[in-house]
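Okay, here's what each chain looks like letter by letter:
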Amino acid sequence: MEKKGKTGMENEGVIDTWLRKHRLLYVGATKHPFILSISDGTIDISSFKTWLGQDYIFVRAFVPFVASLIVKAWKESDDRSDMEVILGGMAALNDELEWFKKEAFKWGVQLSHPLLPHKPNQEYCRFLESLMSVEANYTVAITAFWAIEAVYQESFALCLGDESRTPPELKETCQRWGSEAFAKYCCSLKHIANRRLKQASDDELKKAEVALLTVLEHEVEFWNMSRSGS
Ligand SMILES: Cc1ncc(CN)c(N)n1
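Residues numbered from 1 in each chain as written. Predicted model: local features only at pLDDT ≥ 70, side-chain atom pairs only at ≥ 80, totals over all residues. Heavy atoms only, no water.

> How do you make sense of the UniProt feature "domain: Thiaminase-2/PQQC" (unreviewed entry) in the chain when you look at a structure like this?
As annotated in UniProt, the feature "domain: Thiaminase-2/PQQC" (unreviewed entry) corresponds to residues 20-227 in the numbering used here. Taken as a whole, residues 20-227 contains 79% helix and 0% strand, while its terminal C-alpha atoms sit 27 Å from one another. (UniProt positions renumbered as here; feature names shortened; annotations may be inferred. Helix = DSSP H or I, 4+ residues; strand = E, 2+ residues; numbered from the N terminus.)

> Honestly, helix α8 (residues 171-178) in this entry has me stumped. Any pointers?
Given 3.6 residues per turn, any residue in an α-helix points the same way as the ones three and four places further on. If you check which residues of α8 are buried, you get Thr-173, Cys-174, Trp-177 and Gly-178. End-on, the buried residues of α8 take up no more than an arc of 110 degrees, which puts them together on one face. Elements that come into contact with the buried residues of α8 comprise α3 (33-39), α4 (45-76), α5 (81-107), α7 (138-158) and α9 (180-198). (Buried < 20%, exposed > 50% of the residue type's maximum accessible area, 1.4 Å probe, protein only. Arc of directions from axis to C-beta. Contact = heavy atoms within 4.5 Å.)

> Any chance you could explain the site of the ligand here in plain terms?
Neighbouring the ligand are the residues Asp-55, Phe-58, Val-59, Phe-62, Tyr-124, Ile-148, Glu-149, Tyr-152, Trp-177, Glu-219 and Phe-222. Between Asp-55 and the ligand, the recorded distance is 2.6 Å, taken from a side-chain N or O atom to a nitrogen atom. Compared with its free state, where it exposes 290 Å², the ligand has 100% of that area covered by protein. Of all elements in the fold, only α4, α7 and α10 (202-228) reach the threshold of two or more residues within the shell around the ligand. The dominant element in the shell around the ligand, judged by the number of residues it contributes, is α4, at 4 residues. (Near = heavy atom within 4 Å. Polar contact = N/O pair within 3.5 Å; in protein donor to acceptor, adjacent residues only side chain to side chain. Areas by Shrake-Rupley, 256 points an atom, 1.4 Å probe, with all protein chains shown as cover.)

> Looking at this structure, how should I read the side chain of Ser-47?
With respect to the helices and strands, Ser-47 occurs in helix α4. In this structure Ser-47 comes out as buried when scored by relative accessible area, which is 6%. With sequence-adjacent residues up to four places away left out, Ser-47 is seen in contact with Phe-34, Ser-226 and Arg-227.

> Is there a simple way to explain the pattern of salt bridges in this structure?
Where charged atoms from two side chains of opposite charge approach closely, those side chains can pair. Here the structure, examined in full by the defined rule, presents 12 salt bridges. Across the salt bridge formed by Glu-98 and Lys-101, the nearest N and O atoms sit 3.1 Å from each other. Of this pair, Glu-98 and Lys-101 both sit in helix α5, separated by 3 residues, roughly a single helical turn. Residue class for Glu-98 comes out partly exposed when judged on its relative accessible area of 45%. Here Lys-101 falls in the partly exposed class, since its relative accessible area comes to 39%. The residue Glu-123 makes a salt bridge to Lys-119 at a minimum N-O spacing of 3.2 Å. Of this pair, Glu-123 and Lys-119 both sit in helix α6 (residues 119-132), separated by 4 residues, roughly a single helical turn. We classify Glu-123 as partly exposed; its relative accessible area is 32%. (Salt bridge = Lys/Arg side-chain N within 4 Å of Asp/Glu carboxyl O.)

If you want it as structure tokens, here you go:
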């Protein structure tokens, strides 16, 4: 039998330790009123349309961020499979951009000119850019990457639960990030991040924790922006 220490948490990864420590913020990002309004069927469709247009802009900025992670994994990772996991995510983004275009057409949302990023979106994209630089650390960037994907996974999975009253026309959106397949992919990213964090220096750990908190804050602001339309 496995020997447990005083807390019984000795085998817990760094990420779960941080999620317990910052529970309120994590719950704020994953159970935001915007998401709750989808799952209880009270969503205002104009909020959904704002989210759709703004998220298309975000995902376009997310692609070069993921590309920069592939470069970092290739140069710095101690495990070859990291690059393959991230590459799988990149391939899914190709599909995702097409899906946004199709969905925008369905809802009458204009994705081309004059669609501009709102301030919270601009600030989030600027944060992504800061993680794309060659100086940005792989462990910090992969932790942020996991958090960005995990917030959507947990949020949209909530809208697919047995108790949810998600409008049928929004089910496909929820399925995109709330599916079992996406949950599995997030698990692989978490595994990579935890492995790196286990070997990280104190400075890297500090920066990775700050990056995780920054992602959660940006996600809350992104939902707020979608809800209020600005
Ligand atoms: C704002 C935001 N955060 C996360 C995801 C999931 N890739 C997204 N599409 N948009």
